[in-house]
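Chain and residue survey
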Amino acid sequence: MKFKRQIKPYRAAAGGWGSLEATTRFVLDSKAALKNMRNLMRMNKARGFDCPGCAWGDDNKSTFSFCENGAKAVTWEATRRVVDTDFFAKHSVTTLYTQSDYFLEYQGRLTHPLRYNADTDHYEPISWDAAFALIAQHIRAMDHPNQMELYTSGRASNEASWLYQLFGRLMGTNNFPDCSNMCHEASGTGLKRSIGVGKGTIRLDDFDHADAIFVFGQNPGTNHPRMLHSLRHAADHGAKIVTFNTLRERGLERFADPQKPLEVVTSKAGNISSSYYQPNLGGDMAAVRGMVKCLLETHRARLAAGEPGLFDQTFINAKTHGIEAYLDAVDNTSWMQIVAQSGLTQAQIREAAAIYQSADRVICTWAMGITQHKHSVDTVREITNLQLLFGQLGKKGAGLCPVRGHSNVQGNRTMGIDEKPAKAFLDALGNHFNFEPPRAPGHNTVEALNAMLRDEVKVLIALGGNLAAAAPDSPRTEEALSRCGLTVHISTKLNRSHLVPGHEGLILPTLGRTERDLQATGNQFITVEDSFSMVHASEGIGIPLADTQRSETAIVAGIAEAVLGSDKVKWRELAGNYNLIREHIAATIPGFADFNAKCDIPGGFYLGNAAAELRFNTPSQKAEFCASSLPDSLFPNLEQAVPFTLQTLRSHDQYNTTIYGLDDRYRGVFGQREVVFINPDDMADLGFTEGQNVDIETLWNDGITRRVSGFKLVPYNIPRGNLAAYYPETNPLVPLNSFGDGSGTPTSKSVPVKLELSSAIADQRIA
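Owing to the predicted nature of the structure, the values given are computational and were not obtained by experimental measurement.

Turning to the pattern of salt bridges, a few remarks are in order. On inspection of all chains with the given rule, the structure shows 38 salt bridges. The partner of Arg-248 in a salt bridge is Glu-253, with the nearest N and O atoms 2.7 Å apart.

Next comes the structure, spelled out in structure tokens:
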């Protein structure tokens with residue numbers, strides 16, 4: 001396909017007519033317009049299906065409960081285009097590897113089980129029984145269970161995820177690398193250490209009661225647009241929206257609600273952020289530390305004047321531990337360090353602190369701009385420290401809100417997709433099924449890839465996802481996958497991971513969220529958990545394209561039965577009736593009692609949150625202040641100066657590694673993806689000009705050259721010394737051994753790089 005390449009700044013508000021036009025275009029392009037219009041009317045509705053995109057909650061108030069990106073996700077999945085056996089007969093794997101990620105997924109839905117033939121370099125059809133037998137053959141040939149990696153994407157349902165982890169633990173492994181490891185692991189780790197629960201403490205309607213909402217490191221306009229409705233509604237009712245985001249993002253500035261006709265056809269729009277601060281990449285912890293330093297000054301001044309202090313001393317005394325060490329750490333942090341690291345002025349930080357001080361009820365919310373740095377766990381805990389000082393937990397309109405990515409990534413973790421499972425969970429599982437689960441920690445994603453590179457992995461099964469494109473250090477990730485004895489990908493569409501198979505490879509075609517799941521006892525529904533601990537039932541309505549496609553739950557059960565037999569677990573019965581799976585979940589996971597009955601509750605049911613009820617499952621049984629110092633550097637292992645820090649990010653026509661198109665409307669990029677956003681003054685200092693092509697090279701210390709070429713310079717409102725570019729195109733720049741302390745998450749938002757003119761451009765200038 002041909003695309004018009006241009007850089008054209010976007011002047012309109014986010015949402016509005018542009019969103020409506022893009023949604024319409026995607027619906028028509030699916031070649032199933034009427035089907036998808038019906039689908040969209042049932043999305044995020046009772047007796048409908050849950051959005052296969054982001055994990056934002058449902059307000060159950062809107063006529064149209066979807067956003068532009070949700071519509072893209074649905075139409076992308078519910079297309080009539082098919083990638084069948086004829087397609088693979090025509091295209092070798094080597095040829096397909098040269099195509100773009102957009103081309104691969106645009107070809108349509110996978111319809112038949114496929115086996116890679118290394119002799120012909122083509123995927124060829126295989127029966128389901130033969131595919132399951134091949135998997136069983138490879139697993140039984142392993143020396144021990146930890147030679148298997150069981151990867152999971154955030155798309156998998158609660159039922160499929162729970163069944164998947166049961167299979168793995170009956171096999172004897174905790175090797176459950178998943179997409180959380182690469183995205184929000186720091187949130188779970190940091191929150192567990194601080195408040196004893198690895199989830200956010202608020203519910204969706206808390207946004208209606210907040211006086212101030214502090215938004216850190218996220219771009220809702222592109223990544224989870226339904227959040228803009230919540231922010232806009234809060235702003236319209238007087239809440240101050242305070243944004244900390246390195247790039248200036250249109251969605252966080254102005255938003256026209258596509259569901260309001262007047263805002264669609266006119267220039268009427270509402271403001272989102274009342275204050276917008278642009279810290280350096282990795283500078284959010286310093287910014288929050290600076291806010292606390294300001295607030296501590298005021299607190300002490302009030303006490304010295306005989307007035308009540310600023311902090312909630314009653315809450316601190318009754319519910320927290322460790323404040324003295326934390327305040328010592330604040331006192332020992334200099335303003336010079338805070339300003340240098342945050343990239344903000346002291347005046348800006350004091351302004352933000354004053355807004356916080358004036359609010360009775362505050363929500364702090366964040367996403368991957370916080371979680372993909374070396375010191376991300378400490379940053380999450382610093383945000384929590386701020387909230388603890390003012391008792392901003394356990395009351396309406398206040399709390400902590402990590403915004404998860406994929407639609408059930410939080411549910412996967414609740415179901416036991418965790419390489420470090422809790423003892424209580426393993427005990428419950430073992431007692432219920434009368435076996436001893438493995439207790440040793442398994443591999444996270446980075447550890448799994450390194451194990452593959454050491455030839456320690458015989459079998460990789462991927463329940464969804466696109467690991468080759470999602471993981472860092474792309475050439476090394478692809479080499480890791482290719483070293484496996486067998487790679488198995490349970491997928492809806494063709495993607496990059498299928499083109500780097502192990503010594504043997506399988507692609508197993510699965511149903512999508514939008515499609516009917518007909519099993520032995522009739523149509524089935526599945527469940528998912530959103531960012532607010534709400535569990536929703538989801539039932540597809542579309543007719544599958546082929547009877548050779550199977551549900552994820554049925555595929556997992558088929559693998560498990562082929563490997564383990566059915567003596568201990570009746571896998572086929574579970575696959576035929578998901579109510580039986582939910583009965584087992586109810587028996588093994590807290591909060592799911594009467595699971596099947598609760599699935600009938602309109603809008604879903606709330607799992608509860610101990611920390612929101614001021615019960616803290618920490619060693620002290622109190623919320624823990626964290627007294628970490630600010631990092632001396634984002635790159636403590638580098639001795640040389642770092643000219644630029646790069647973050648990888650999504651475009652607007654993208655969800656995770658799925659590329660819907662080549663436009664990034666709100667950032668003014670059209671028909672292209674190989675661009676790098678740069679401060680105009682940085683560009684001028686380098687002697688470069690807008691539109692020139694540059695090479696980006698990572699500065700690291702392991703002797704490996706990491707370089708991408710031919711990226712167009714786009715001047716942008718971004719602080720000096722900071723760059724941004726799209727992934728997966730820039731994933732080759734992220735070192736596999738650069739990951740967060742305590743989280744293991746790749747540092748995709750802080751990559752040390754330098755820029756050089758691309759060789760072709762340099763040669764032209766010399767000539």
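Take the sheet that holds strand E23 (residues 605-606) next. Ordered in space as E21-E22-E23, the three strands form an open sheet in which the pairing is antiparallel. Two strands bound the open sheet, and with one partner strand each, they are strand E21 (526-529) and E23. With four bridges joining them, E21 and strand E22 (residues 534-538) adopt antiparallel strand pairing. When the sheet's bridge partners are listed, Glu-529 is paired in E22 with Val-535. Across the face of the sheet, helix H8 (residues 158-171) comes into contact with E21 and E22 while running at roughly 90° to E21.

Glancing now at the sheet that holds strand E17 (residues 486-491). Strand pairs in the sheet, formed through backbone hydrogen bonds, run parallel or antiparallel to each other. Read from one edge of the open sheet, six strands run E6-E5-E18-E17-E16-E7, paired in mixed fashion. Either end of the sheet is taken by a strand with one partner, and the two such strands are strand E6 (122-125) and strand E7 (148-152). The mean angle between the axes of side-by-side strands here comes to 20°, regardless of whether they run parallel or antiparallel.

Let's shift gears to the packing of aromatic side chains. Each aromatic ring pair is summarised here by two numbers: the centre-to-centre distance and the angle between the ring planes. What the rule picks out here adds up to 21 aromatic pairs. Between Phe-87 and Phe-88, the ring centres sit 5.4 Å apart and the planes meet at 85°, which makes this aromatic pair edge-to-face. With respect to class, Phe-87 is no different from Phe-88; both count as buried. Here a set of aromatic residues connected by ring pairs shows up, and it is made of Phe-214, Phe-216, Phe-244, Tyr-277, Phe-311, Tyr-356 and Phe-390. Over the ring of Tyr-606 we find Arg-203, and its NZ or CZ is 3.9 Å from the ring centre. Seen from the ring of Tyr-655, Arg-650 lies directly overhead, with NZ or CZ sitting 4.4 Å from the centre.

This part covers the pairing of strand E15 (residues 399-402). By the alternation rule, side chains of E15 split into Gly-399 and Cys-401 and Leu-400 and Pro-402, which are all buried. Across four bridges, strand E14 (residues 362-366) lies against E15 in parallel orientation. Residue pairing for E15: Cys-364 is matched across the bridge by Leu-400.

As a further point, take the side chain of Thr-745. Inspection of the secondary structure assignment puts Thr-745 in the loop between strand E32 (722-726) and strand E33 (751-757). Within polar-contact distance, the side chain of Thr-745 engages the backbone oxygen of Asn-181 at 2.8 Å.

Core analysis: the largest hydrophobic core is formed by 58 residues, its most contacted members being Ile-135, Ile-139, Trp-162, Phe-167 and Ile-461. Once you skip the residues sitting within four places of it in the chain, Ile-139 turns out to touch Met-148, Phe-167, Met-171, Val-459, Ile-461 and Val-563. Core analysis: the second largest hydrophobic core is formed by 52 residues, Met-285, Val-288, Cys-294 and Phe-616 among them.

Before going further, it helps to spend a moment on the pairing of strand E18 (residues 504-509). Within E18, six of the six residues are buried, which leaves it mostly tucked inside the rest of the structure. Here E18 shows no split at all, with Glu-504, Leu-506 and Leu-508 on one side and Gly-505, Ile-507 and Pro-509 on the other all buried. In terms of strand pairing, strand E5 (residues 114-117) meets E18 through two bridges, oriented antiparallel. Across the sheet, the residue bridging to Arg-115 is Leu-506, located in E18. Bridge count for E17 against E18 is six bridges, and the pairing is parallel. The partner of Ser-491 across the bridge, within E18, is Pro-509.

Here Ile-126 shows up in the loop between E6 and helix H7 (128-140). Here Ile-126 falls in the buried class, since its relative accessible area comes to 15%. Considered as a pair, Ile-126 and Leu-508 are 382 residues apart in the sequence and their alpha carbons are 9.6 Å apart. Beyond its immediate stretch of four places on either side in the chain, Ile-126 contacts Pro-113, Leu-114, Arg-115, Ala-131 and Leu-506.

Between its first and last C-alpha atoms helix H25 (residues 552-564) spans 18 Å; for 13 residues at 1.5 Å apiece the expected length is 18 Å, and the two agree. With respect to burial, H25 is a largely interior element, ten of its 13 residues being buried. Those residues of H25 not exposed but buried are Glu-552, Thr-553, Ala-554, Ile-555, Val-556, Ala-557, Gly-558, Ile-559, Ala-560 and Val-563. Of the residues one or two after H25, Gly-565 is the one with positive phi, at around 75°.

Turning to the packing of helix H13 (residues 284-304) against helix H15 (residues 323-331), a few remarks are in order. Running from amino to carboxyl end, H13 crosses H15 at an angle of 105°, the nearest separation of the two axes being 10 Å. Of the possible angle classes, the one that applies to H13 and H15 is roughly perpendicular. Across the interface between the two elements, Arg-289, Val-292, Lys-293, Leu-296 and Arg-300 from H13 touch Tyr-326, Leu-327, Ala-329, Val-330 and Asp-331 from H15. Of the residues that constitute the contact of H13 with H15, the class distribution is six nonpolar, no polar and four charged.

Throughout the structure, instances matching the rule amount to zero disulfides. Free cysteine: Cys-626, not disulfide-bonded; nearest cysteine sulfur from Cys-364 at 15 Å. The class for Cys-626 is buried, based on a relative accessible area of 6%.

Parameters and conventions
Residues numbered from 1 in each chain as written. Predicted model: local features only at pLDDT ≥ 70, side-chain atom pairs only at ≥ 80, totals over all residues. Heavy atoms only, no water. Salt bridge = Lys/Arg side-chain N within 4 Å of Asp/Glu carboxyl O. Pairing = 2+ DSSP bridges. Helix = DSSP H or I, 4+ residues; strand = E, 2+ residues; numbered from the N terminus. Contact = heavy atoms within 4.5 Å. Axes fitted to C-alpha atoms, helices over the stretch in contact; angles between N-to-C directions. Phe/Tyr/Trp six-rings, centres within 6.5 Å; stacked < 30°, edge-to-face > 60°. Buried < 20%, exposed > 50% of the residue type's maximum accessible area, 1.4 Å probe, protein only. Lys NZ or Arg CZ within 6 Å of the ring centre and 35° of its normal. Polar contact = N/O pair within 3.5 Å; in protein donor to acceptor, adjacent residues only side chain to side chain. Core = buried A, V, L, I, M, F, W, Y, C linked by side-chain atoms within 4.5 Å. Expected span 1.5 Å × (residues − 1). Parallel < 35°, antiparallel > 145°, perpendicular 65-115°, else oblique. Nonpolar A, V, L, I, M, F, W, Y, C, P; charged D, E, K, R; others polar. Disulfide = S-S within 2.5 Å.

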